Amino acid sequence: MVYVERSQEPLTKQDFLSDQMVKWCPGCGDYAVLAAVSNVLPRLGYKKESYVMVSGIGCSSRFPYYVDTYGFHSIHGRANPIATGVKIANPSLSVWVNSGDGDAMAIGGNHFIHVIRRNMDINMLVFNNQIYGLTKGQYSPTSPMGAVTKTSPAGTIEPPFNPGELVMGAQGTFFARVTDTNPKLMADVLYEAVKHDGCSVVEVLTNCVIFNDKAHAAITGKDVKDDAQLILEHGKPMLFGAARNKGIMLVDSKPKVVEIGVDGVTIDDILVHDANTPDVRIHHLLATLKLPDFPVAIGIIRRVAGVTYNSLLENQMNEARAKSPVKCVDDLLNSGDTWAVD
Amino acid sequence: MSSKQINSSSQTVEKDDVVVKFAGDSGDGIQLAGTIFSDSVALEGNDIATFPDYPAEIRAPRNTVAGVSGFQVHLGKNNISTSGDEYDVLVAMNPASLKANLKTTKKGATIIVDSDSFTPEALEKAGYKYNPFTDESLSSYNVATAPISSLVGTALSGLSVQAATPKLQSEAQPQDCPEVPLPAAPPAPLDKKTIEKTRNMFALGMIYYIFDKPCEVIEHLIAEKFKKKPALIEINKKVFRAGYDYADTAEIVESRISVPKAKLEKGRYRNITGNTATAWGLLAAAERAGLKLFLGSYPITPATDILVEITKYKSLGAKAFQAEDEIAGICSAIGASYAGALACTSTSGPGLSLKSEALGLAVMAELPLVVVDVQRSGPSTGMPTKSEQSDLNQALYGRNGEAPLVVISASSPANCFYYAYEAAKIALEHMTPVILLTDGSLGNGSQLFRIPKVIDLPSIKPPIVPANSDYKPYKRDENFVRGWAIPGTEGLRHRVGGLEKLDGAGSVSTDPANHELMVSLRRKKIEKIADFIPELKVFSAANTANTDTLVVSWGGTEGTVHTAVEKLHQQGVGVAHAHFNYIMPLPRNTESIFSEYKKIIVFELNDGQFVNYLRGKFQNVPIEGYNRTHGQPFTEKEIIEKLWSM
């Protein structure tokens, strides 16, 4: 295991502000992510130089310019393999990927599933606004079926991806979902995501004020959020609603919304969230809860221990160094059948 | 080939060089037999060059001409730089391999055939209307037929499956091996499959008898090749000996062949393939530069062996990442480069196409990166196992925007080591992607390699920026090279990426004048590298005619073109030869050399890519092309004929 180097002195949010002008549209959900990240970076305690932010293409991919760390704004869909190379080459760096729904799940879909499958020790933030913003309003792989956009004037005829389902399918070890309207929760979840040993995926439900305004309003609206969000806490019963009197029960392996005190339901009947169970079925179920029948699960849905690609690689490297007779390239060149000509 | 009778009583003929071709079905173990033979004669002191030629299918349809796998070995006492045009000895394990190779077999050559394989069905599949042994078609060759399959069965009849691996034991089906006399009681005999698989060793034994070499070397190599399956060592050795003894007893040749040891420069030698040499050159460059090697690659014929080779050397700190696709291969390498590794990706033509966009990113980010393209016949999937030089245009131009980078090429299996090293040195010292072009023939072909010491290789000094320096990401030195600020280093936090950068500061810029400036700076950086590469050399002969013609080659055709020109010199024809290993930028003296000739002819295995590149650059010199796209190397003969015709 290679550890990220810690900062000698305490850092503040100011230490991570870059000199670049932030060019997102006023009201863009991405500002909330920047605020949360700026709060989390000093809390984590790592050296400023240990952070590397890698992004692809899209509005969210401008992110690396706006934090004063090492950063790489790359090409469409490729943040994950670039981050993979950074992390493999130097496992002592804290490597982050900033990506959007199109970047991560359309053009970069192949990389997305493989970086998760490998449990590459990177932190991925997927800004999901269900639209292509930078190209001005085409549907994305997470746009809901029937969405009317520039390229689907009669409504999309494609079912969307649920990012959490992909993470579960790719054997992910960490998946969380947060909203751009709750920066405190976002910061807390990001902190846990970075501390997670392995590939963490945090889906941020962000709003696009220009091309998909109120994208997640049914979940994040002030008047609906209490009933529309199931904020998960590990070890706590799954309660929601303004009075926290509603909850999720499992009946015949199926989720059911119940009300405490109604039909004899007590707090003990409510499902307790276990983010750490390796059994993926309950996490899959939580990730796929959707309106209007269910609240949408928010918070850390899955956080399970798993060995990382990086630690396995370092083990193999150490073993090879200890066992192989080839210690330098001269050894290699002279290995096997060679002969002298005098 | 010159020859003389050295001792009539021992009936051994000494020859300066001999070309041996092993041919059979894919699956007959042709590549293995050829490799062991070439390794053994190299160990015995001959210079060698090899050319494996096989179908793309792992097990192509049996007994068809399309399914023939070949391994050509050219051995000699003088400098051997080609695998040879025509064969002195041909091993044909079935009718199809005889049919496929007869036209390139010298008259008077020795042909060894497995007569058991010449069944009516196999003859028909090979397209023979009648058995070639029954007419006069082989009368000008020394044909040595042997019922190899039956003889192998007899040789192994004493061996039981106890000697074989458990896997073979479970596969043993008595009804499958009618040729093998069954012992009265267990242990059961070897299965037909094992017998089939060792036919190559019988043929190898026969060949080895012809070459009058000590068997111990082969036996040592067999033990090496099968060290992970020890049960097969004795079986293979036994069949090899049986082949050797059969050739002796049956007196298959009138005279045995002796090839004297090559006069080689003093030093330590080994046999090496181009792909292995490429991998080792990259490992050597990383060590010399004080960096760790990172290779991000996706398997693709014929480049896969570079990835396979690097995965073996974690003990040297090398990390090989098998990516999910070609794009992830190069992107992971770009990430590793940003993080301070000597980063490389290896591929072949179709893979290079997939890497195009990311290559542009590496140009824009001005990060060191080595891209190895082991070229094969295209376009698209083309002929994956056949060699070509047709990715040159793609290497030079295959990106959006003005995206100059360095293109160099290796020209022999052994010098893949040095050009891989050179690619890494240029990439690291000039902060640029470098495409190294090799090809299938170079990558799979092998040659003697004089082992260097790493300390004797040129130093590599990447422009790594020290901590807390006054650093600007796009501040350049006198060679237009920017500094390499490696994540983790204090005081150098910065952003790179694909958007245009402001000169010096490196912040994002869409200023028109700045973009024009940056385009020219990126071009000048590459052009400046011409100051750091060797000048073009001309190989010419004094006191000969036709000295106004310059023969030009690049990449993997050097050996054949050079040998052809050398032969023309011996015939009194004084054409000169210039070979290019550096394509972009070209050597500084290219134009002045070209201006000395009235005629320039470029030989290349494509439809005219280098010739057009040169025409674009040097418009005052008439430049002609000689181009082939048949998936095979040039022959010396065709080059000589073309030059005679001029």
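What you are looking at is a predicted structure, and each value in this text was computed from that prediction instead of being measured. (Residues numbered from 1 in each chain as written. Chains lettered and ligands numbered in written order. Predicted model: local features only at pLDDT ≥ 70, side-chain atom pairs only at ≥ 80, totals over all residues.)

S.K.: Please clarify how the packing of helix α8 (residues 215-225) of chain B against helix α9 (residues 231-249) of chain B should be interpreted in this entry.
M.R.: Each pair of packed helices can be summarised by the angle the axes make with each other and by the distance between the axes. All names here are of chain B. It is the contact of α8 with α9, at a shortest axis distance of 9 Å, that shows an interaxial angle of 155°. Relative to α9, the element α8 lies roughly antiparallel. Taken as a pair, α8 and α9 cross one another with a handedness that is right-handed. The segment α8 lies against α9, with Cys215, Ile218, Glu219, Ile222 and Ala223 engaging Ile233, Asn236, Lys237, Phe240, Arg241 and Tyr244. (Axes fitted to C-alpha atoms, helices over the stretch in contact; angles between N-to-C directions. Helix = DSSP H or I, 4+ residues; strand = E, 2+ residues; numbered from the N terminus. Parallel < 35°, antiparallel > 145°, perpendicular 65-115°, else oblique. Left-handed = near helix turned anticlockwise from the far one by under 90°. Contact = placed C-beta atoms within 7 Å.)

S.K.: Looking at this model, I keep getting lost on the domain arrangement of chain B. Mind explaining?
M.R.: The extent of an interface is frequently quoted as the accessible surface area lost upon association of the parts. Residue and element names in this part refer to chain B. Under the domain assignment used here, chain B contains domain 1 (3-148 + 199-241 + 251-258), domain 2 (270-454) and domain 3 (538-645). The C-alpha centroid of domain 3 is placed 26 Å from the C-alpha centroid of domain 2. Taken together, the contact pairs 22 residues of domain 2 with 19 residues of domain 3. When residues of the side of domain 2 that touches domain 3 are traced back to their parent elements, those giving at least two are α15 (392-397), β15 (406-409), β16 (433-439) and α17 (440-444). Take the side of domain 2 that touches domain 3: its biggest share by element is four residues, from β15. Looking at the side of domain 2 that touches domain 3, its residues break down into nine nonpolar, ten polar and three charged. (Domains from an automatic or database assignment. Nonpolar A, V, L, I, M, F, W, Y, C, P; charged D, E, K, R; others polar.)

S.K.: How should the nonpolar core be read in this particular structure?
M.R.: Within soluble globular proteins, side chains that are nonpolar tend to cluster in buried spots. Ranked by size, the top nonpolar core spans 266 residues in total, and within it Leu283, Ile334 and Leu342 of chain B carry the most contacts. Ranked by residues supplied to this core, first place goes to helix α16 (residues 416-430) of chain B with ten residues. Those residues in contact with Leu342 of chain B, other than ones at most four positions away along the chain, are Ala285, Ala286, Ala289, Leu291, Leu293, Phe294, Ala424 and Leu428 of chain B. If you look at the next biggest cluster of nonpolar residues, it comprises seven residues, including Cys28, Tyr132, Cys208 and Ala215 of chain A. (Core = buried A, V, L, I, M, F, W, Y, C linked by C-beta atoms within 7 Å. Buried ≥ 20, exposed ≤ 12 C-beta atoms within 10 Å, placed from the backbone.)

S.K.: Explain the pairing of strand β21 (residues 576-580) of chain B here, please?
M.R.: The side chains of a regular strand alternate, first on one face of the sheet and then on the other. All names here are of chain B. Counting buried positions along β21 gives five out of five residues, so the element sits mostly inside the fold. Residues Ala576, Ala578 and Phe580 point to one face of β21 and His577 and His579 to the other, with burial holding for every one of them. Looking at chain direction, strand β19 (residues 538-539) and β21 are connected through two bridges and run antiparallel. If you follow Phe539 over to β21, its bridge partner there is His577. Two strands pair when backbone bridges link them, and strand β20 (residues 549-554) and β21 are joined in this way by five bridges, in the parallel orientation. Within β21, the residue paired with Val551 across the bridge is His577. Each parallel crossover has a hand, and the one from β20 via helix α19 (residues 558-570) to β21 is right-handed. (Pairing = 2+ DSSP bridges. Right-handed = clockwise from strand over helix to strand, strands pointing away.)

S.K.: What is the right way to look at the environment of Gly483 of chain B in this model?
M.R.: Residues and elements named next belong to chain B. Residue position: Gly483 is located in the loop between β17 (446-450) and β18 (495-497). Counting along the chain gives 433 residues from Gly483 to Thr50, while the straight-line C-alpha distance between them is 43 Å. What Gly483 contacts, discounting residues up to four positions off in sequence, is Pro463, Val465, Tyr471 and Lys475.

S.K.: For this particular structure, what's the right way to read the sheet that holds strand β24 (residues 623-627) of chain B?
M.R.: Sheet strands associate in pairs through backbone hydrogen bonding, adopting either a parallel or an antiparallel arrangement. Residues and elements named next belong to chain B. If you walk across this open sheet you meet the five strands as β19-β21-β20-β23-β24, and the pairing is mixed. Only two strands of the sheet have a single neighbouring strand rather than two, namely β19 and β24. In this fold helix α21 (residues 609-617) packs onto β20, β23 (599-604) and β24, with an angle of close to 145° to the strand it touches most, β23.

S.K.: How should the sheet that holds strand β13 (residues 342-347) of chain B be read in this particular structure?
M.R.: All names here are of chain B. The seven strands are arranged β12-β11-β13-β14-β16-β15-β22 in an open sheet whose pairing can be described as mixed. The open sheet is flanked by β12 (319-322) and β22 (582-584), the only strands paired with a single partner. On average, each strand axis in the sheet is inclined to that of its neighbour by 20°, with strand direction left out of account. The pairing of strand β11 (residues 293-297) with β13 spans three bridges and is parallel. Across the sheet, Leu295 pairs through a bridge with Cys344, a residue of β13. Where helix α12 (residues 326-338) meets the sheet, its contacts fall on β11, β12, β13 and β14 (369-375), and the angle it forms with β13 comes to roughly 170°.

S.K.: For this particular structure, what's the right way to read the interface of chain A and chain B?
M.R.: Taken residue by residue, the interface counts 51 residues in chain A and 56 residues in chain B. Contributing elements (two or more residues each) for the side of chain A that touches chain B: β2 (70-73), α2 (79-89), α4 (109-117), α10 (309-323), α11 (329-333) and β12 (339-341) of chain A. Partitioning the side of chain A that touches chain B into residue classes produces 24 nonpolar, 18 polar and nine charged. Of the strand pairs in this sheet, β12 of chain A and strand β10 (residues 267-273) of chain B are connected by three bridges, and their pairing is antiparallel. Following the sheet pairing, Trp339 of chain A is matched in β10 of chain B by Tyr269 of chain B.

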